[in-house]
Every structure is written in structure tokens, then in C-alpha cells.
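Overview (structure and organization)
For reference, the chains in residue letters:
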Amino acid sequence: MLGGLAFGALVLRMAQVTIETIRNGPYIVTGEVELIDAAGTKFPVEKRMALCRCGASTEKPFCDGTHSKIGFQAAEKAVPESKE
């Protein structure tokens, strides 16, 4: 996608944005981001949001803390050569 990042079905259009991975937790997105899901639903622009990484949140695409209840364990680091 031109001018943004694509994460599966989520599209992030960005200007000055930081995406931080929290150990065994969510992605923390800091900066004003327009978030649009696969159905075209637009979420309100926020300066900071936590996006679910474990897949178990009841508030997807946002984190609701379920990762800590289910013992989610993420990869220790990004794998640049991964095909995903």
C-alpha cells in the first residue's frame, strides 16, 4: 500500500508514528493513525493505541489485556527473513 503499512486485514496510514512491541503483549502505536479494518470500518484517530497481538482480545483489533490471562508468549524478536 502506498503511504502506509498493511498488517493482514488492517491498514495503517501514517505520518509520524512509532509502533512498539511489548514483550508478550500488544503493539503500542503512538502517533495519530487512521485505522481501517477489513470491512472498511474506520476507528477514531487516537494519539496512542494498543493493538492485540495474541488474537484472544474481545475488543479486536484493540488489546483488552487477555494476553496476560492466557499466558501469551510471543517471539522474542522480529524475523526479517520470515515469509509472513
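Here is what the cut-offs are and how they apply
Residues numbered from 1 in each chain as written. Predicted model: local features only at pLDDT ≥ 70, side-chain atom pairs only at ≥ 80, totals over all residues. Heavy atoms only, no water. Helix = DSSP H or I, 4+ residues; strand = E, 2+ residues; numbered from the N terminus. Buried < 20%, exposed > 50% of the residue type's maximum accessible area, 1.4 Å probe, protein only. Contact = heavy atoms within 4.5 Å. Areas by Shrake-Rupley, 256 points an atom, 1.4 Å probe, with all protein chains shown as cover. Phe/Tyr/Trp six-rings, centres within 6.5 Å; stacked < 30°, edge-to-face > 60°. Lys NZ or Arg CZ within 6 Å of the ring centre and 35° of its normal.

1. Overview of the overall build of the protein chain
For the protein chain, the count of helices and strands is one helix and five strands. Ordering the α and β elements of the protein chain from the N terminus gives β-β-β-β-β-α. For the protein chain, buried positions account for 26% of its 84 residues. For the protein chain, the proportion of contacts with a sequence separation of at least 24, taken over those separated by at least 6, is 26%. Of the roughly 6000 Å² that the protein chain leaves accessible, carbon and sulfur atoms contribute 53%.

2. Some words on the packing of aromatic side chains
One pass over the full model with this rule turns up one aromatic pair. Both rings, one in phenylalanine 43 and one in phenylalanine 62, keep their centres 5.2 Å apart while their planes meet at 85°; by these two values the pair is edge-to-face. Of the two residues, phenylalanine 43 sits in strand 5 (residues 42-51) while phenylalanine 62 sits in the loop between strand 5 and helix 1 (66-70), which places them 19 residues apart along the sequence. For phenylalanine 62, a relative accessible area of 23% translates into the label partly exposed. The ring of tyrosine 27 has arginine 53 sitting right over it, with the charged end atom 5.3 Å from the ring centre.

All quantities given are derived from atomic positions and should not be read as evidence of function.
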